[in-house]
Amino acid sequence: MTDQRKIFIGGLPHEADQETIREDFGRYGEIEDVYLPRDRETGKPKGFGFVTYRDHRDASEAATAMGGRDYRGRSITCNIARPREENKSAPEGRGGYDRPEGDRGRGRNYEYEDRGRTNYDRGDYDDRRGRPRYDEPAERYGASHERGGGGGGGG
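Calculation notes
Residues numbered from 1 in each chain as written. Predicted model: local features only at pLDDT ≥ 70, side-chain atom pairs only at ≥ 80, totals over all residues. Heavy atoms only, no water. Pairing = 2+ DSSP bridges. Helix = DSSP H or I, 4+ residues; strand = E, 2+ residues; numbered from the N terminus. Axes fitted to C-alpha atoms, helices over the stretch in contact; angles between N-to-C directions. Contact = heavy atoms within 4.5 Å. Buried < 20%, exposed > 50% of the residue type's maximum accessible area, 1.4 Å probe, protein only. Lys, Arg positive; Asp, Glu negative; His and termini not counted. Salt bridge = Lys/Arg side-chain N within 4 Å of Asp/Glu carboxyl O. Arc of directions from axis to C-beta. Core = buried A, V, L, I, M, F, W, Y, C linked by side-chain atoms within 4.5 Å.

**Remarks on the sheet that holds strand β6 (residues 77-80)**
Here 4 strands make up an open sheet; going across it, the order is β2-β3-β1-β6 and the pairing antiparallel. Every other strand in the sheet has two partners, leaving β2 (31-35) and β6 as the edge strands with one partner each. Each adjacent strand pair in this sheet contributes to an overall mean axis angle of 20°, direction not counted. As judged from the 4 bridges shared by β2 and strand β3 (residues 48-53), these two strands associate in the antiparallel manner. Opposite Ile-31, over in β3, you have Tyr-53 as the bridge partner. Packed onto the sheet, helix α1 (residues 18-25) meets β1 (6-10), β2, β3 and β6 and runs at close to 140° relative to β2. Of the strands in this sheet, β1, β3 and β6 are in contact with helix α2 (residues 56-66), which crosses β6 at around 155°.

And the structure:
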């Protein structure tokens, strides 16, 4: 079930802060909460937010009245907010909090331990050209490979 008291506001000007939103959207009813997410790295507003009203009728009235309007120089989207699982327009695996447990936003199909490694780290690349590894016994490679040798005979 959705909380019909919360509205989504998209396209907010970056100057809009919680106080401004409370003031402007508060004319439609009593506001319980204003949430304006910010970018983790830059701290700048993301340009959207959520307002939770005490009464669902106030939220509906605000969404209808403010949707598509010019708000401080920007045309905003305003509608009743839906939980992520109901929002099918969002691309899968992108943002939000509806990821399967254990997924930490890896974005590719490889294990965390492999992340950022190159073929050099995995042992797929070997520039020894058939020479044995120094930490392994020479017998593993047969008689033709002697320890420290360059393939020049011996026996």
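**A word on the side chain of Asp-58**
Relative to the elements of secondary structure, Asp-58 occurs in helix α2. Arg-57 provides the closest opposite charge to the buried, unpaired Asp-58, separated from it by 6.1 Å. Residues within four places of Asp-58 in sequence aside, it is in contact with Tyr-28, Gly-29, Glu-30 and Tyr-53.

**Details of α1**
Turn by turn, an α-helix covers 3.6 residues, leaving residues three or four places apart pointing in a common direction. For α1, the full list of buried residues reads Thr-20, Ile-21, Asp-24 and Phe-25. What you see down the axis of α1 is that its buried residues fit within an arc of 105°, all on one side. Structural note: α1 exposes Glu-19 and Glu-23 on the side pointing more than 90 degrees away from its buried face. Among the structural elements, β1, β2, β3, α2, β4 (70-71) and β6 are those in contact with the buried residues of α1.

**Here's the deal with the nonpolar core**
Counting residues in hydrophobic clusters, the biggest one holds 19 residues, and the most contacted among them are Ile-7, Ile-9, Ile-21, Phe-25, Val-51 and Tyr-53. Elements represented by at least two residues in this core include exactly β1, α1, β2, β3 and α2. If one sorts the elements of this core by residue count, α2 sits on top with 4 residues. With residues up to four places along the chain from it excluded, the contact list for Tyr-53 reads Arg-5, Ile-7, Phe-25, Tyr-28, Gly-29, Glu-30, Ile-31, Glu-32, Asp-58, Ala-59 and Ala-62.

**Re α2**
For α2, the complete set of buried residues consists of Asp-58, Ala-59, Ala-62, Ala-63 and Met-66. Projected down its long axis, α2 carries its buried residues within an arc of 135°, all on one side. Along α2, the residues that are exposed and aim more than 90 degrees away from the buried face are Arg-57 and Thr-64. Buried positions along α2 lie against β1, α1, β3, β4 and β6. Downstream of α2 by a residue or two, Gly-68 has a phi angle that is positive, lying close to 80°.

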